Amino acid sequence: MVEACGVAEFTGRELHLVKKALAIAVLSIERQPGPFQSASDQSDMKALLDGLIENDTELAHYARAARIAVTGEQD
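Just so you know, these numbers come straight off a predicted model, no measurement behind them. (Residues numbered from 1 in each chain as written. Predicted model: local features only at pLDDT ≥ 70, side-chain atom pairs only at ≥ 80, totals over all residues. Heavy atoms only, no water.)

Caption draft 1: Molecular detail of the overall build of the protein. Helix and strand counts for the protein stand at three helices and two strands. Listing each helix as α and each strand as β along the protein from the N terminus yields β-β-α-α-α. Expressed as lengths along the three principal axes of its C-alpha atoms, the size of the protein is roughly 40 × 30 × 20 Å. Within the protein, the proportion of its 75 residues that are buried is 19%. Of the roughly 5300 Å² of accessible surface on the protein, 54% is carried by carbon and sulfur atoms. Measuring between centres, the 7 positive side-chain charges of the protein sit 9 Å from its 12 negative side-chain charges. (Helix = DSSP H or I, 4+ residues; strand = E, 2+ residues; numbered from the N terminus. Buried < 20%, exposed > 50% of the residue type's maximum accessible area, 1.4 Å probe, protein only. Areas by Shrake-Rupley, 256 points an atom, 1.4 Å probe, with all protein chains shown as cover. Lys, Arg positive; Asp, Glu negative; His and termini not counted. Charge placed at Lys NZ, Arg CZ, Asp CG, Glu CD.)

Below is the structure:
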């Protein structure tokens, strides 16, 4: 991890883990019932993830990893 001007910049494995954690968090929030679902957190996490993801293929990879982590089921 590199810190520039007080802002952390993740690279390599750390960046991978941040992307995966965000994808898992977004899916977990989505699966929560009504009043326990934080739409603002989910929206902010999606925006962070979108800013880190380079293309649709990478997004599909992290979405699949999140589904496996949250549900335990593969495609």
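Caption draft 2: Structural view of the environment of Asp41. Mapped onto the fold, Asp41 is located in helix 2 (residues 39-52). Note: C-alpha distance between Asp41 and Ile29 (twelve residues apart in sequence) is 8.3 Å. In terms of polar contacts, Asp41 uses its side chain to reach the side chain of Ser38, at 3.2 Å. (Polar contact = N/O pair within 3.5 Å; in protein donor to acceptor, adjacent residues only side chain to side chain.)

Caption draft 3: Broad picture of the environment of Ser28. Inspection of the secondary structure assignment puts Ser28 in helix 1 (residues 12-30). Taking the C-alpha atoms as reference points, Ser28 and Gln42, separated by 14 residues in sequence, lie 9.1 Å from one another.

Caption draft 4: Broad picture of the pattern of salt bridges. By the definition in use, this model includes one salt bridge. Linking Lys19 and Glu58 is a salt bridge whose minimum nitrogen-to-oxygen distance equals 2.5 Å. Placement of Lys19 in helix 1 and of Glu58 in helix 3 (residues 56-71) is noted, with a sequence separation of 39 residues between them. (Salt bridge = Lys/Arg side-chain N within 4 Å of Asp/Glu carboxyl O.)

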